[in-house]
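Here are the chains, one letter per residue:
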Amino acid sequence: FLFFIKNTYNFIKLDTRTGQMEMVQWTTSGYPGTYTLSDIKRVDNIEDEIPGRFTLYATTNFYNFVLLDQIDGRTWQVQWSTDPNEMMVVRIY
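Not measured: the values here are computed from a predicted model.

**Details of the sheet that holds strand E5 (residues 54-58)**
Part 1 of the reasoning: The strand order across the open sheet formed by four strands is E5-E6-E7-E8, and the pairing between neighbours is antiparallel. The sheet is open, and its two borders are formed by E5 and strand E8 (88-92), each paired with just one other strand. Each adjacent strand pair in this sheet contributes to an overall mean axis angle of 30°, direction not counted.
Part 2 of the reasoning: Bridge analysis of E5 against strand E6 (residues 64-69) gives five bridges, and the strand direction is antiparallel. Looking at the pairing, Phe54 lines up with Asp69 of E6.

**Details of the sheet that holds strand E2 (residues 10-14)**
Part 1 of the reasoning: The four strands are arranged E1-E2-E3-E4 in an open sheet whose pairing can be described as antiparallel. Looking at which strands have only one partner, the edges of the open sheet turn out to be strand E1 (2-4) and strand E4 (33-38). Direction aside, neighbouring strands of the sheet carry axes that sit 30° apart on average.
Part 2 of the reasoning: Bridge count between strand E3 (residues 21-25) and E4: five bridges; the pairing is antiparallel. Looking at E4, one finds that Met23 is bridged to Tyr35.

The rules behind these values
For every chain, the first residue of its written sequence is number 1, and the numbers climb from 1 along that sequence. Totals for whole chains, interfaces and linings use every residue, but because this is a predicted model, local features are given only for residues with pLDDT of at least 70 and side-chain atom pairs only at 80 or more, for both listing and counting. The side-chain quantities take in all heavy atoms of the structure and omit both hydrogens and water. Criterion used throughout: strands pair if DSSP finds at least two bridges between them. Every helix listed is a DSSP run of H or I at least four residues long, and every strand listed is a run of E at least two residues long, numbered separately from the N terminus. Where helices are involved, their axes are fitted lines through C-alpha atoms of the stretch in contact, as for all axes, and angles between N-to-C directions lie from 0 to 180°.

Right under this line is the structure:
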């Protein structure tokens with residue numbers, strides 16, 4: 001599922017079964033690409049990979065989202081950036 005970012009050339013692609021994310025960048029010139037935000041599965045077993053389990057919620061901060069596990073309520077702060085070194089996903093306890 002693609003989530004809109006308030007940046008003209010970027011989206012966050014979320015695997016709603018596992019919580020894995022990529023930043024998808026498109027362009028009218030240059031080279032489009034995808035950048036891994038998180039390749040970590042947020043579920044332990046394939047039986048727990050349920051479509052629609054994970055979703056993203058926008059925050060008032062342009063660069064941050066909250067990733068929610070809609071089954072058990074776990075949450076993470078997701079920060080995207082055009083600089084891969086500034087991307088992060090951190091569990092909120």
